[in-house]
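Chain by chain, the residues:
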Amino acid sequence: LKKFRLTGTNTTMSMLREVFGDDPSVVYGPSCKSGPLGGDAQLVALAVTGQVGGCIFFIDPMDAHPHSADIECLVRQGNVHNILMANNPCTAHITMNT
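Residues numbered from 1 in each chain as written. Predicted model: local features only at pLDDT ≥ 70, side-chain atom pairs only at ≥ 80, totals over all residues. Heavy atoms only, no water.

*Asks:* In this structure, what is going on with the packing of aromatic side chains? I would like to understand it.
*Replies:* Aromatic rings in a pair are described by how distant their centres are and how their planes are angled relative to each other. Considering all chains together, one arrives at zero aromatic pairs under this definition. When the ring centre of Tyr-28 is taken as reference, the NZ or CZ atom of Arg-17 above it lies at 4.2 Å. (Phe/Tyr/Trp six-rings, centres within 6.5 Å; stacked < 30°, edge-to-face > 60°. Lys NZ or Arg CZ within 6 Å of the ring centre and 35° of its normal.)

*Asks:* Sorry if this is basic, but what is going on with the nonpolar core here?
*Replies:* Nonpolar side chains in soluble globular proteins tend to end up buried together. Within the largest apolar cluster, 12 residues are counted, these being Cys-32, Leu-43, Val-44, Leu-46, Ala-47, Val-52, Cys-55, Phe-57, Ile-71, Leu-74, Ile-83 and Met-85. Elements with a minimum of two residues in this core: helix H2 (39–48) and helix H3 (68–80). A total of four residues in this core trace back to one element, the largest contributor, which is H2. Setting aside chain neighbours within four positions, we find Met-85 in contact with Cys-55, Leu-74, Val-75, Gly-78 and Thr-91. If you look at the next biggest cluster of nonpolar residues, it comprises five residues, including Leu-6, Met-13, Phe-20 and Val-26. (Core = buried A, V, L, I, M, F, W, Y, C linked by side-chain atoms within 4.5 Å. Buried < 20%, exposed > 50% of the residue type's maximum accessible area, 1.4 Å probe, protein only. Helix = DSSP H or I, 4+ residues; strand = E, 2+ residues; numbered from the N terminus. Contact = heavy atoms within 4.5 Å.)

*Asks:* Could you clarify how one ought to interpret the pattern of salt bridges in this entry?
*Replies:* A side chain with one charge can pair with a side chain of the opposite charge if their charged atoms come near. In total, this model carries one salt bridge according to the counting rule given. Of the charged contacts in the structure, one is a salt bridge between Lys-2 and Asp-23, with a shortest N-O distance of 2.8 Å. Pair noted here: Lys-2 is in the segment before strand S1 (5–9) and Asp-23 is in the loop between helix H1 (10–20) and strand S2 (27–32), with a separation of 21 residues, a long-range link. (Salt bridge = Lys/Arg side-chain N within 4 Å of Asp/Glu carboxyl O.)

*Asks:* Sorry, what's going on with H2 here?
*Replies:* Every α-helix carries 3.6 residues per turn, so stepping three or four residues along brings you back to the same face. Of all the positions in H2, only Gly-39, Asp-40, Leu-43, Val-44, Leu-46 and Ala-47 are classed as buried. Looking straight down H2, one finds that the buried residues subtend no more than 165 degrees of arc, so they occupy a single side. Elements in contact with the buried residues of H2: S1, S2 and H3. In the stretch just after H2, Gly-50 is the one whose phi turns positive, near 80 degrees. (Arc of directions from axis to C-beta.)

*Asks:* How should I be thinking about the environment of Gly-78 in this particular structure?
*Replies:* Along the chain, the position of Gly-78 falls in helix H3. Residues Gly-78 and Val-44, spaced 34 residues apart in sequence, show a C-alpha to C-alpha distance of 8.1 Å. Other than its neighbours up to four places away in sequence, Gly-78 contacts Ile-83 and Met-85.

*Asks:* Please clarify how the packing of H2 against H3 should be interpreted in this entry.
*Replies:* To characterise two packed helices, one gives the angle between the axes of the helices and the distance between these axes. Closest axis-to-axis distance for the H2/H3 pair is 8 Å, and the angle between their directions is 15 degrees. Taken as axis vectors, H2 and H3 run roughly parallel relative to one another. Classified by chirality, the crossing of H3 by H2 is left-handed. Of the residues in H3, those touching H2 at Asp-40, Ala-41, Leu-43, Val-44 and Val-48 are Asp-70, Ile-71, Cys-73, Leu-74 and Gln-77. The class makeup of the residues in the contact of H2 with H3 is seven nonpolar, one polar and two charged. (Axes fitted to C-alpha atoms, helices over the stretch in contact; angles between N-to-C directions. Parallel < 35°, antiparallel > 145°, perpendicular 65-115°, else oblique. Left-handed = near helix turned anticlockwise from the far one by under 90°. Nonpolar A, V, L, I, M, F, W, Y, C, P; charged D, E, K, R; others polar.)

Here is the structure:
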């Protein structure tokens, strides 16, 4: 992940900052709101304006999400704009290691 500019929802960005800290080789992009508060929609806006080239976005298929429409929009716009989408750990692992 260090070779990419990291952008995500507030929850994800907090986790990334815990993992990478102040590592000078890590470039942090904008932090969006939490998913249920519109963060997924903010990620869609970044994606459709060309500010996101790839997206690792794990979706728990066994859990209902109150913001499922935003999640579906993110996946749909990723396909529309030909953005690399990794929606599960296996796809993300293969994507990061090729």
